[in-house]
Amino acid sequence: EKGGYEHFMLKEIHEQPKAVRATISSRIAKDNSAVVLDELKWNKDFLNSFNRIFIVACGTAYHAGLVGKYYIEKMARIPVECDIASEFRYRSPIVDENTLMIVVSQSGETSDTLAALKEAKRLGAKTLAVTNVVGSSIAREADQVVYTWAGPEIAVASTKAYTTQLIVMLLLGLYMAGIRETMPQERITELIRGLREIPTQIGQTLEDEDPIKTFAKQYGFNEDVFFIGRSLDYAVALEGSLKLKEISYIHAEAYAAGELKHGTLALIVDSIPVIALATQKSVYEKTLSNIKEVKARDAVVIGIASADDTELEKYVDHVIKVPETDELLIPLLAVVPLQLLAYYAAITRGCDVDKPRNLAKSVTVE
Ligand code: M6R
């Protein structure tokens with residue numbers, strides 16, 4: 001049942017090319033000109049009726065939502081708020097019939113997410129579920145559903161669900177941008193072309209696990225790890241940090257790199273591992289100066305960079321490179337080494353990878 005892998009988590013990490021391909025396929029036009037979401041059939045009037053979108057979810061699905069906020073705002077120019085489901089209901093959110101509520105949930109059964117969805121519906125919002133389980137409670141409760149086609153995810157640590165959620169977020173951004181005409185056609189086509197390459201490129205990032213195994217052995221017994229990044233790299237840093245915490249029990253914190261100076265830098269001391277994501281070209285120089293700050297305090301820095309990067313290696317201790325793609329798509333690749341790092345750190349520490357202590361696959365209590 002584990003297909004020759006020692007754990008479901010590793011199997012599911014390796015299933016990502018297939019899962020992502022399934023989630024994309026039949027949703028993009030043959031000529032790469034548009035995203036086709038037959039399940040939605042939205043039009044300009046429908047989208048123009050929204051003055052705000054909420055994306056609400058928990059855990060990893062929330063992290064996918066953060067990327068979704070970035071995509072939708074950038075591409076479709078509609079304001080998006082992203083919230084943790086257990087917080088959403090208790091802050092009297094401003095929701096009405098001009099709100100689109102998107103909930104993201106692998107299982108479709110997370111009770112906080114379901115409750116947030118019901119509350120938004122009660123307040124008059126239109127609702128969309130992004131879920132991996134056909135016929136789940138959340139799928140049934142929402143007005144519309146876009147499924148991630150990741151296949152069953154068994155390991156508690158979510159991996160292929162996350163990457164397929166990112167795909168759906170991207171498809172939604174492009175779909176809305178196409179309808180609202182908020183993006184040049186050439187840019188839509190360019191991103192769709194890039195998207196077609198992603199499954200193969202995820203496969204490439206999975207080809208050489210040895211350096212990651214080595215890092216996990218070297219740093220797996222550290223008690224604290226920091227993840228830093230800016231923009232989309234920050235969203236991915238949050239996911240990398242959660243993955244490491246939940247299965248290896250290492251205390252990990254993700255920080256927006258520019259926020260370090262506002263407090264966290266006090267914790268950066270000699271030999272502390274810092275995973276620095278530097279894949280975003282638009283904020284590259286700024287990220288680099290933050291990396292120099294942590295290096296100046298003798299942190300051990302593992303950089304995550306695009307294959308064409310020749311700069312980062314001059315400033316950090318190790319670099320893990322991922323294939324070159326558009327900076328909007330690179331989170332789909334950058335997260336993979338972080339998943340592997342969490343996995344091998346857990347192995348180094350002898351943790352029960354698929355069933356981490358105190359955690360359940362689907363959280364049906366509030
Ligand atoms: O099934 P859901 O996507 O609603 O689950 C949400 C979280 O419980 C889940 O992503 C959790 O954070 C994972 N264990 C993270 O790996």
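Anything mentioned here points back to the structure above.
Small disclaimer: the values here were computed from a predicted structure and weren't measured.

*Asks:* How should I be thinking about the overall build of the protein chain in this particular structure?
*Replies:* Of regular secondary structure, the protein chain possesses 13 helices and 10 strands. Its C-alpha atoms give the protein chain a radius of gyration of 20 Å, within 12% of the compact-globule value 21 Å for 366 residues. Taking the principal axes of its C-alpha atoms as reference, the protein chain extends roughly 55 × 45 × 45 Å. Split into buried and exposed, the 366 residues of the protein chain put 59% on the buried side. Contacts spanning at least 24 positions in sequence make up 75% of the contacts within the protein chain whose residues lie at least 6 apart. Side chains of the protein chain carry 41 positive and 50 negative charges; the gap between the two charge centres is 3 Å.

*Asks:* Even after reading the chapter, I still don't get helix α10 (residues 210-219), so can you show me in this structure?
*Replies:* Counting along an α-helix, one turn takes 3.6 residues, and residues three or four places apart therefore face a common direction. Within α10, the full set of buried residues consists of I212, F215, A216 and Y219. Buried residues of α10, seen end-on, are gathered within an arc of 100° and therefore sit on one face of the element. Taken together, the buried residues of α10 touch β8 (273-277), β9 (300-306), β10 (318-322) and α13 (331-348).

*Asks:* Whenever I open this one, the nonpolar core confuses me. Can you help?
*Replies:* For soluble globular proteins, the rule of thumb is that nonpolar side chains tend to be buried together. The biggest cluster of nonpolar side chains holds 98 residues, and the ones touching the most others in it are W42, I102, L172 and M176. Non-local contacts of L172, meaning those with residues more than four positions away in its chain, are made with L37, L40, W42, I102, L128 and V130. Of all hydrophobic cores here, the second largest spans 19 residues; its members include Y284, L288, A305 and L312.

*Asks:* So what exactly am I meant to see when it comes to the layout of surface pockets here?
*Replies:* Rolling a probe over the atoms, with the probe sized like a water molecule, indicates the empty space that remains. Its volume calculated, the largest pocket comes out at about 590 Å³. What lines the largest pocket is a set of 25 residues, and nearest its centre among them are C58, G59, T60, K361 and V363. Contributions of two or more residues to the lining of the largest pocket are made by α4 (59-76), β3 (99-105), α6 (111-122) and α11 (232-248). A breakdown of the residues in the lining of the largest pocket according to their chemical character gives nine nonpolar, 11 polar and five charged.

*Asks:* Explanation requested: the environment of I330 in the structure shown.
*Replies:* Within the secondary structure layout, I330 lies in the loop between β10 and α13. In this structure, the C-alpha to C-alpha distance between I330 and E366, residues 36 residues apart in sequence, is 34 Å. Among all residues touching I330, those that are not within four sequence positions of it are T279, Q280, S306, V322, P323 and T325.

*Asks:* Explain the pairing of β3 to me, please; I cannot follow it from the model alone.
*Replies:* Taking burial as the measure, the seven residues of β3 include seven buried ones, the bulk of the element. Going residue by residue along β3, you find T99, M101, V103 and S105 tucked away on one face and L100, I102 and V104 tucked away on the opposite face as well. Sheet topology note: the strand β1 (residues 52-57)/β3 ladder contains six bridges and is parallel. Of the residues in β3, the one forming a bridge with F54 is M101.

The rules behind these values
Residues numbered from 1 in each chain as written. Predicted model: local features only at pLDDT ≥ 70, side-chain atom pairs only at ≥ 80, totals over all residues. Heavy atoms only, no water. Helix = DSSP H or I, 4+ residues; strand = E, 2+ residues; numbered from the N terminus. Rg over C-alpha atoms; globule rule 2.2 N^0.38 Å. Buried < 20%, exposed > 50% of the residue type's maximum accessible area, 1.4 Å probe, protein only. Contact = heavy atoms within 4.5 Å. Lys, Arg positive; Asp, Glu negative; His and termini not counted. Charge placed at Lys NZ, Arg CZ, Asp CG, Glu CD. Arc of directions from axis to C-beta. Core = buried A, V, L, I, M, F, W, Y, C linked by side-chain atoms within 4.5 Å. 1 Å grid on protein atoms, 1.4 Å probe; cavity = no way out; pocket = protein on both sides within 12 Å on 5 of 7 lines; lining within 4 Å. Points joined across faces, edges and corners; volume = space filled by probe spheres on them. Nonpolar A, V, L, I, M, F, W, Y, C, P; charged D, E, K, R; others polar. Pairing = 2+ DSSP bridges.

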